[in-house]
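Coordinates in review
Read off the chains here:
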Amino acid sequence: MSKTQLKKVLVNLDRDQLQALVLEVYEARKEAKEFLDFFVDPDVDKMMGKYKGVIDKELGRVSRGRARPRMTRLRKAVKDFASFNPGGEFTGEIMTYLVERFCATGSDCWIKDTTQRSMAKFLGETLVFIDKNELIADFLPRITRAVESMKSGFFHNNTFKRLLKETIEDFQSLR
């Protein structure tokens, strides 16, 4: 069903039928319940804490000294948070938090090359998002600091740090 079809059906419902429908959706789906709870009581800090916990849990997946984060789950967490429409500054905060935490993980553990490239792509998307929302002055220094603070000894993941630095430099050269 498309949005247009849904709008046509909703227009024909009276107030009681619409209220009953919303309550049914609230009870039927966890995502709808979460969205409607946020709609009624928009506590962005609580929601951000929840999604930061999801990010931390996924980045904590380590096996034999190798980080095993799944970028699909991390991207989904950011997308789910953004779906609540908390505002650009809060979405930029959660995206920047993910980059900072990933840099800390990449500094301590080895990460697969494909995951490194995916994170570099996400970093580029984050930079474009914060630039589009005019938040570059707030978040770029934090991102740069996180990348610069990554360990760079012989046994550490220098290619990941270099890849992230190149992504930032490419973004700055295009601005």
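See above for the structure.
First things first, this report covers the structure right here in the doc. All residue numbers here refer to positions counted from 1 along the written sequence of the relevant chain. Totals for whole chains, interfaces and linings use every residue, but because this is a predicted model, local features are given only for residues with pLDDT of at least 70 and side-chain atom pairs only at 80 or more, for both listing and counting. Based on all heavy atoms of the structure, the side-chain values leave hydrogens and waters out of the count.

It is characteristic of soluble globular proteins that their nonpolar side chains tend to be buried jointly. Think of a nonpolar core as a cluster: buried Ala, Val, Leu, Ile, Met, Phe, Trp, Tyr and Cys residues, connected wherever their side-chain atoms sit within 4.5 Å. Accessibility here uses a 1.4 Å probe with only protein chains present; expressed as a share of the type maximum, an area under 20% marks a residue as buried, one over 50% as exposed, and anything in between as partly exposed. Core analysis: the biggest nonpolar cluster contains 41 residues, and Ile-55, Ile-94, Phe-102, Phe-122, Leu-127 and Leu-164 have the highest contact counts within it. Starting at the N terminus, helices and strands are each numbered in turn, a helix being any DSSP run of H or I of at least four residues and a strand any DSSP run of E of at least two. Sorting the residues of this core by element identifies α4 (44–59), α5 (71–82), α6 (88–108), α7 (113–132), α8 (136–148) and α9 (158–174) as the ones contributing at least two each. Of the residues forming this core, the biggest block, 7 residues, is contributed by α6. Contacts: residue pairs with any heavy atoms within 4.5 Å of one another. Ignoring any residue separated from it by four or fewer positions in sequence, one finds Leu-164 in contact with Cys-103, Ala-120, Leu-123, Val-147 and Met-150.

Every angle, taken between N-to-C directions, lies between 0 and 180 degrees, and every axis is a line fitted to C-alpha atoms, over only the stretch in contact when it is a helix. Closest axis-to-axis distance for the α6/α7 pair is 10 Å, and the angle between their directions is 150 degrees. Between α6 and α7, the interaxial angle falls into the category roughly antiparallel. Judged by the sense of rotation from one axis to the other, the crossing of α6 with α7 is left-handed. Contacts between α6 and α7 pair Gly-88, Thr-91, Gly-92, Met-95, Thr-96, Leu-98, Val-99 and Phe-102 from the former with Thr-115, Met-119, Phe-122, Leu-123, Glu-125, Thr-126, Phe-129 and Ile-130 from the latter. Taken together, the residues of the contact of α6 with α7 sort by class into 9 nonpolar, 6 polar and 1 charged. Angles below 35 degrees are treated as roughly parallel, those above 145 as roughly antiparallel, those between 65 and 115 as roughly perpendicular, and all remaining angles as oblique. What makes a crossing left-handed is the near helix being turned counterclockwise from the far one by less than a right angle; a clockwise turn instead makes it right-handed. Three classes are used: nonpolar for Ala, Val, Leu, Ile, Met, Phe, Trp, Tyr, Cys and Pro, charged for Asp, Glu, Lys and Arg, and polar for all others, with Gly counted as polar.

This part takes up the packing of aromatic side chains. Within a pair of aromatic rings, the relevant descriptors are the distance that separates the centres and the angle that separates the planes. Centres within 6.5 Å make a pair out of two Phe, Tyr or Trp rings, where for Trp the six-membered ring is used; the pair is then stacked when the planes are under 30 degrees apart, edge-to-face when over 60, and tilted otherwise. What the rule picks out here adds up to 5 aromatic pairs. Arranged with centres 6.1 Å apart and planes meeting at 20 degrees, the rings of Phe-35 and Phe-84 form a pair that is stacked. In this pair, Phe-35 sits in helix α3 (residues 30–40) while Phe-84 sits in the loop between α5 and α6, placing the two residues 49 residues apart along the sequence. Look at Tyr-51 and Phe-81: their rings are 5.9 Å apart centre to centre, the planes differ by 65 degrees, and that puts the pair in the edge-to-face class. Remark: Phe-81 occurs in helix α5 and Tyr-51 occurs in helix α4; sequence separation between them is 30 residues. For the pair shown, Tyr-51 and Phe-81 are each scored as buried.

Along the polypeptide, Glu-34 turns up in helix α3. Classification of Glu-34 by relative accessible area gives buried; the value is 17%. Apart from residues lying up to four places away in sequence, Glu-34 is in contact with Met-47, Lys-50, Tyr-51 and Phe-84.

Together, Leu-18, Leu-21, Val-22 and Val-25 line one region of the surface with nonpolar side chains, adding up to about 270 Å² of accessible area. Structurally, Leu-21 can be placed in helix α2 (residues 15–28). A residue counts toward a patch only above 30% relative accessible area and without a salt bridge, and it is joined to like-charged neighbours within 9 Å or, for Val, Leu, Ile, Met, Phe, Trp and Tyr, to nonpolar neighbours within 5 Å. For accessible areas, the Shrake-Rupley method is used with a probe of radius 1.4 Å. Any residue's cover is judged against the shown protein chains and nothing else. The salt bridge definition used is simple: a Lys or Arg side-chain nitrogen within 4 Å of an Asp or Glu carboxyl oxygen.

For the rest of this paragraph, the subject is α7. Every α-helix carries 3.6 residues per turn, so stepping three or four residues along brings you back to the same face. To estimate how far a helix should extend, the number of its residues minus one is multiplied by 1.5 Å. Here α7 spans 29 Å end to end across 20 residues, near enough to the 28 Å set by a 1.5 Å rise per residue. Those residues of α7 lying buried are Thr-115, Gln-116, Met-119, Ala-120, Phe-122, Leu-123, Thr-126, Leu-127 and Ile-130. Down the axis of α7, the smallest arc covering the buried residues is 165 degrees, so these residues share one side. Seen from the open side of α7, the exposed residues pointing more than 90 degrees away from its buried face are Arg-117, Lys-121 and Lys-132. In the core, the buried residues of α7 are packed alongside α5, α6, α8 and α9. Just downstream of α7, Glu-134 is the residue with a positive phi angle, here 55 degrees. Starting at the helix axis, one direction is taken to each C-beta atom, and the arc is that of these directions.

Right, let's get into the pattern of salt bridges. Tallying each qualifying case throughout the model produces 12 salt bridges. In this structure, Arg-101 and Asp-56 form a salt bridge, with 3.0 Å as the shortest nitrogen-oxygen distance. Highlighted residues: Arg-101 in helix α6 and Asp-56 in helix α4, separated in sequence by 45 residues. The class of Arg-101 is partly exposed, set by a relative accessible area of 29%. Using a relative accessible area of 29% as the deciding quantity, one classes Asp-56 as partly exposed. The salt bridge involving Arg-61 is made with Glu-58; its shortest N-O contact spans 3.7 Å. On the basis of relative accessible area, Glu-58 is assigned to the buried category, the value being 7%.

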